[in-house]
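Below are the chains, spelled out letter by letter.
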Amino acid sequence: MELIQETSDLSAYLVADEVIDHDHPVVREVAALLAKGAADSYVYAQAAYEFVRDTIPHSQDAGDLRVTWRASDVLERRTGICHAKAHALAALLRAEDIPTALCYQSLLHDDGSGHAVHGLVAVRFNGAWHRQDCRGNKPGVDAQFSLDGERLAWIPDRESSEVDYPVLYAEPHPAVLRALKEAPDRPSLGRTLPTAL
């Protein structure tokens, strides 16, 4: 699949905003800790990915009812669904001047009861975008950081009407962000997240 930048302005994928708030002290502190042991930006990117994937539990997997959406809150509270974790990873990567986009898939729920939009990121290295899924591994899910072929949590099944969206967003999709901001808890969020984009 050919990934498509929402904007041709690469600097848009480095911006700090209300959601990807990489200018926040919490984000800066985590980024600085991760950067200490990183020999270069590739090593840093993998360390940031593994930090978000492995040390911030996916709230559904952990049974955590809290909803986070701002990167600094995800890092501080140590919880979030895939979208929130993608925001945190984007902030950590942008904090070190690594262009990072948000991207999406539409996937069936585990129980087959319908579709939900799933969030991930894409990082830009060597003139190309590489999608990464930091939602967190569990039995049946083995996502890995990779610049040499995708190692995502899921590959959409076209026969089940699952979709890989090719657009690389500089900011969270408005429908996703609205659902995150308005949800009082994770079960409510599960009912209001878009099923498609």
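Scroll up a little and you will see the structure.
A brief structural summary. (Residues numbered from 1 in each chain as written. Predicted model: local features only at pLDDT ≥ 70, side-chain atom pairs only at ≥ 80, totals over all residues. Heavy atoms only, no water.)

## A short note on the packing of aromatic side chains
- This model, assessed by the stated rule, comprises four aromatic pairs.
- Each ring, one from Tyr104 and one from Tyr169, has its centre 5.6 Å from the other, and the planes form 65 degrees; the classification is edge-to-face. Of this pair, Tyr104 sits in strand 2 (residues 100–108) while Tyr169 sits in the loop between strand 6 (167–168) and helix 6 (174–182), and the two are 65 residues apart along the sequence.
- The ring of Trp69 has Lys181 sitting right over it, with the charged end atom 5.0 Å from the ring centre. (Phe/Tyr/Trp six-rings, centres within 6.5 Å; stacked < 30°, edge-to-face > 60°. Helix = DSSP H or I, 4+ residues; strand = E, 2+ residues; numbered from the N terminus. Lys NZ or Arg CZ within 6 Å of the ring centre and 35° of its normal.)

## A closer look at the pattern of salt bridges
- The tally for this structure, following the rule as stated, stands at ten salt bridges.
- Residue Asp61 is joined to Lys138 by a salt bridge in which the shortest nitrogen-to-oxygen separation is 3.8 Å. Within this pair, whereas Asp61 is found in helix 3 (residues 59–62), its partner Lys138 is found in the loop between strand 4 (128–132) and strand 5 (163–164), the two being separated by 77 residues in sequence.
- According to the relative accessible area criterion, Asp61 is partly exposed, its value standing at 38%.
- Residue classification places Lys138 among the partly exposed positions, given a relative accessible area of 26%. (Salt bridge = Lys/Arg side-chain N within 4 Å of Asp/Glu carboxyl O. Buried < 20%, exposed > 50% of the residue type's maximum accessible area, 1.4 Å probe, protein only.)

## Digging into the side chain of Arg186
- Among the secondary structure elements, Arg186 is positioned in helix 7 (residues 186–192).
- From its side chain, Arg186 meets the backbone oxygen of Asp64 in a polar contact 2.8 Å long.
- In contact with Arg186, other than residues within four places in its own chain, are Ser59, Gln60, Gly63, Asp64, Leu65, Arg66, Val67 and Ile81. (Polar contact = N/O pair within 3.5 Å; in protein donor to acceptor, adjacent residues only side chain to side chain. Contact = heavy atoms within 4.5 Å.)

## Some words on helix 2 (residues 41–55)
- Compared with an ideal rise of 1.5 Å per residue, which puts 15 residues at 21 Å, helix 2 spans 20 Å between its outermost C-alpha atoms and is within 8% of the ideal.
- Inspection of helix 2 places Tyr44, Ala45, Ala48, Tyr49, Phe51, Val52 and Arg53 among the buried residues, and these make up the whole buried set.
- Elements in contact with the buried residues of helix 2: helix 1 (25–36), helix 4 (71–77), helix 5 (82–95), strand 3 (115–125) and strand 4.
- Put simply, Asp40 is the residue that caps the front of helix 2, since its side-chain oxygen is 3.1 Å from the backbone nitrogen of Tyr42. (Expected span 1.5 Å × (residues − 1).)

## Brief notes about the sheet that holds strand 4
- Sheet architecture is open: four strands sit in the order 4-3-2-5, paired in antiparallel fashion. The open sheet has two edge strands with one neighbour each: strand 4 and strand 5.
- Pairing geometry for strand 3 and strand 4, over five bridges, is antiparallel. Bridging across to strand 4, Arg124 finds its partner in Trp129.
- Where helix 5 meets the sheet, it contacts strand 2 and strand 3, and its direction lies at approximately 10 degrees from that of strand 3. (Pairing = 2+ DSSP bridges. Axes fitted to C-alpha atoms, helices over the stretch in contact; angles between N-to-C directions.)

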